[in-house]
2 protein chains.
Amino acid sequence: MKYELILKNISRFIDLNQEEQDLYISLLKEKTLKKKEILLRPGEIARYDYFTTKGCLKIYTIDENGTEHIAMFAIKDWWSGDLASFITQQPAKYFIQAIEDSEVLLMPKENYDLLFEKIPKFERFYRILYQRSLVSHIQRSDQNISLNAEDRYREFLKKYPSLRNRISQKNIAAYLGVTPEFLSLLRKKMTLL
Amino acid sequence: MKYELILKNISRFIDLNQEEQDLYISLLKEKTLKKKEILLRPGEIARYDYFTTKGCLKIYTIDENGTEHIAMFAIKDWWSGDLASFITQQPAKYFIQAIEDSEVLLMPKENYDLLFEKIPKFERFYRILYQRSLVSHIQRSDQNISLNAEDRYREFLKKYPSLRNRISQKNIAAYLGVTPEFLSLLRKKMTLL
DNA sequence: GTAATTTCTTAATGTACATTATTTTTCTCT
DNA sequence: AGAGAAAAATAATGTACATTAAGAAATTAC
């Protein structure tokens, strides 16, 4: 059923009995999203953490030149949100938008806080989740500094194989930190080899 | 005394009674480092997490062109290590080196694992530590993509005000992802304004 | 305390990627 | 299905930063 995926995601790191599972699920909300629907805008307070069960979200900023920078794509089975705003309840810096028709489960901030009281095991779950997330962010920071655009594109393809033909090159370019024109050039050059 | 700083660091997020403090401290080792001393090299297994009590470490990689990329500086009161290697016990990707005479406390991997059994509160400590660390890494990834070198230098000065005149420009350049020559130019230009 | 080494500065030239503009192709909406 | 909008391709020109080189200044080492 609907909650199978998220329970399986959690069971990677901690075991929940039936009662705990029911309690956990009772803390979630859900939402169906049309393509282009926006979940969060800069300046708003992030009230939710998101778990994608279908479709794809993008988490991005728009800089002072109007250029879009995509921090991550949240596909099925991925967590996302503006963590800084969610935790501190200060204004968000990120947009979160569906780039396909999507379905998400939402963990409201007040329930997230409650979770650690009700089921302290979740300290462990998030300890491990954040730990792994940190490892992959450290890796990406390193890649952004040490790889050129072509190699970053190859890394993108490794990390998100399902997205290659599913999303626009414009979005891929905004994730890589290059212009769509340059990505177009790169792809042409790469198919010639 | 010697452990005041680290206990204070921990008490930001959890409260430990005397017994827990003593147990925690019994799990630590300590080490005095000469400038240039290396704590970890790529290919080795990261056996420790480090807490700097004095001096400064750099955590860095050397890419296939021989260019050094500094992921972070670990000054007094900062945690550091090759997290991926420490967690998975796979070969490290990073060098860790003292860039000043330094002192560190070490948490060995086997004691780190033990810690969560002995004092489950540490799940919470690391949950919050990784959460905050994640927030600052997300911010740096974003800055590396959206800011030019001059603005990244200003961010560096904000993040590590104490390092401005303490470490070489070569190290600062390797942190910013530019050549020392270009940083020299930038600084000249910035003082003229 | 002086030689050797490393770091810093300055400058000329080179390159990866941006910008702008135009055309072609694909997607979206009714 | 067809009109309008958005995305992609191509190409000319521009710019932030890299590379190379050489001399000056600072640091390290014996």
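Residues numbered from 1 in each chain as written. Chains lettered and ligands numbered in written order. Predicted model: local features only at pLDDT ≥ 70, side-chain atom pairs only at ≥ 80, totals over all residues. Heavy atoms only, no water.

Visitor: Help me get a handle on the sheet that holds strand β2 (residues 38–40) of chain A, residues and values and all.
Guide: Residues and elements named next belong to chain A. Strand order in the open sheet made by the four strands is β2-β7-β4-β5, with antiparallel pairing throughout. Edge positions in the sheet fall to β2 and β5 (68–75), since each of these pairs with one other strand and no more. Taking the axes of each pair of neighbouring strands and ignoring which way they run, one obtains an average angle of 25° across the sheet. Sheet topology places strand β4 (residues 56–62) next to β5; seven bridges connect them, and they run antiparallel. Across the sheet, the residue bridging to Tyr60 is Ile70, located in β5. (Pairing = 2+ DSSP bridges. Helix = DSSP H or I, 4+ residues; strand = E, 2+ residues; numbered from the N terminus. Axes fitted to C-alpha atoms, helices over the stretch in contact; angles between N-to-C directions.)

Visitor: So what's going on with the confidence of the model for chain A? Which residues, and what values?
Guide: Averaged over chain A, the pLDDT score is 95; the fraction of residues at 70 or greater is 99%. Here helix α8 (residues 180–192) of chain A is the element of chain A with the lowest mean pLDDT, 91, and helix α1 (residues 4–11) of chain A is the one with the highest, 98. (pLDDT = per-residue confidence, 0-100.)

Visitor: Give me the lowdown on the protein's contact with DNA strand D, citing residues and values where you can.
Guide: Among the 14 residues in the neighbourhood of DNA strand D, the closest are listed as Gln169, Lys170, Ser184 and Lys188 of chain A together with Ala149 of chain B. Backbone polar atom of Ala149 of chain B to a phosphate oxygen of DNA strand D: 3.0 Å apart, as the coordinates give it. One nitrogen or oxygen atom from the main chain of Thr179 of chain B is found 3.2 Å from a phosphate oxygen belonging to DNA strand D. Considering each element in turn, the surface near DNA strand D owes the most residues, three residues, to α8 of chain A. Here the residues of the surface near DNA strand D sort into three nonpolar, six polar and five charged. (Near = heavy atom within 4 Å. Polar contact = N/O pair within 3.5 Å; in protein donor to acceptor, adjacent residues only side chain to side chain. Nonpolar A, V, L, I, M, F, W, Y, C, P; charged D, E, K, R; others polar.)

Visitor: Give a detailed account of the interface of chain A and chain B, specifying residues and quantitative values.
Guide: Of the residues lining the interface, 31 residues belong to chain A; the matching set on chain B comes to 31 residues. Here chain A and chain B share an interface that buries about 2800 Å² over both sides, 63% of which is from carbon and sulfur atoms. The interface formed by chain A and chain B holds four salt bridges in total. Where Glu123 of chain A meets Arg127 of chain B, a salt bridge forms, and the shortest distance between an N and an O atom there is 2.8 Å. Taken together, the connections running from chain A to chain B amount to 11 residue pairs in polar contact (both at pLDDT 80 or more). Those elements giving two or more residues to the side of chain A that touches chain B turn out to be α3 (83–88), α4 (109–118), α5 (121–146) and α7 (169–176) of chain A. The leading source of residues in the side of chain A that touches chain B is α5 of chain A, at 18 residues. (Contact = heavy atoms within 4.5 Å. Buried area = accessible area lost by both parts, 1.4 Å probe. Salt bridge = Lys/Arg side-chain N within 4 Å of Asp/Glu carboxyl O.)

Visitor: Explain the relation of the copies chain A and chain B to me, and be specific about the residues and the numbers.
Guide: Relative to chain B, chain A is turned by 180° and slid 0.0 Å along the rotation axis, the superposed coordinates differing by an RMSD of 0.0 Å. Such a combination of rotation and displacement between the chain copies is what one expects of a two-fold axis. Closest approach to the rotation axis within chain A is made by the C-alpha atom of Arg127 of chain A, at a distance of 1.9 Å. When the interface residues of chain A are mapped onto chain B, 100% of them are again interface residues, pointing to one common binding face. (Least-squares fit on C-alpha atoms with pLDDT ≥ 70 in both.)

Visitor: Give a description of the sheet that holds strand β8 (residues 102–108) of chain B that names residues and reports values.
Guide: Residue and element names in this part refer to chain B. Pairing within the open sheet is antiparallel, and its four strands lie in the order β1-β8-β3-β6. Each edge of the sheet is formed by a strand with only one pairing partner; in this case those strands are β1 (29–33) and β6 (79–80). Where strand β3 (residues 48–54) lies against β6, two bridges are found, and the strand directions are antiparallel. Considered in β6, the bridge of Tyr50 is made with Ser80.

Visitor: Quick rundown of the protein's contact with DNA strand C? Include the residues and the values.
Guide: Taken together, 14 residues sit near DNA strand C, with Lys35 of chain A together with Gln169, Lys170, Ser184 and Lys188 of chain B positioned nearest. A distance of 2.9 Å separates a phosphate oxygen of DNA strand C from a polar atom in the side chain of Ser184 of chain B. Those elements giving two or more residues to the surface near DNA strand C turn out to be α8 of chain A together with α7 (169–176) and α8 (180–192) of chain B. Of the residues belonging to the surface near DNA strand C, the class tally is three nonpolar, six polar and five charged.

Visitor: Help me get a handle on the packing of helix α6 (residues 149–159) of chain A against α7 of chain A, residues and values and all.
Guide: All names here are of chain A. Axis separation between α6 and α7 bottoms out at 10 Å; the angle between their running directions is 110°. When the axes of α6 and α7 are compared, the pair comes out roughly perpendicular. Two packed elements cross with a definite hand, and for α6 against α7 that hand is right-handed. The residues of α7 that touch α6, namely those facing Arg152, Tyr153, Phe156 and Lys159, are Ile172, Tyr175 and Leu176. Here the residues of the contact of α6 with α7 sort into five nonpolar, no polar and two charged. (Parallel < 35°, antiparallel > 145°, perpendicular 65-115°, else oblique. Left-handed = near helix turned anticlockwise from the far one by under 90°.)

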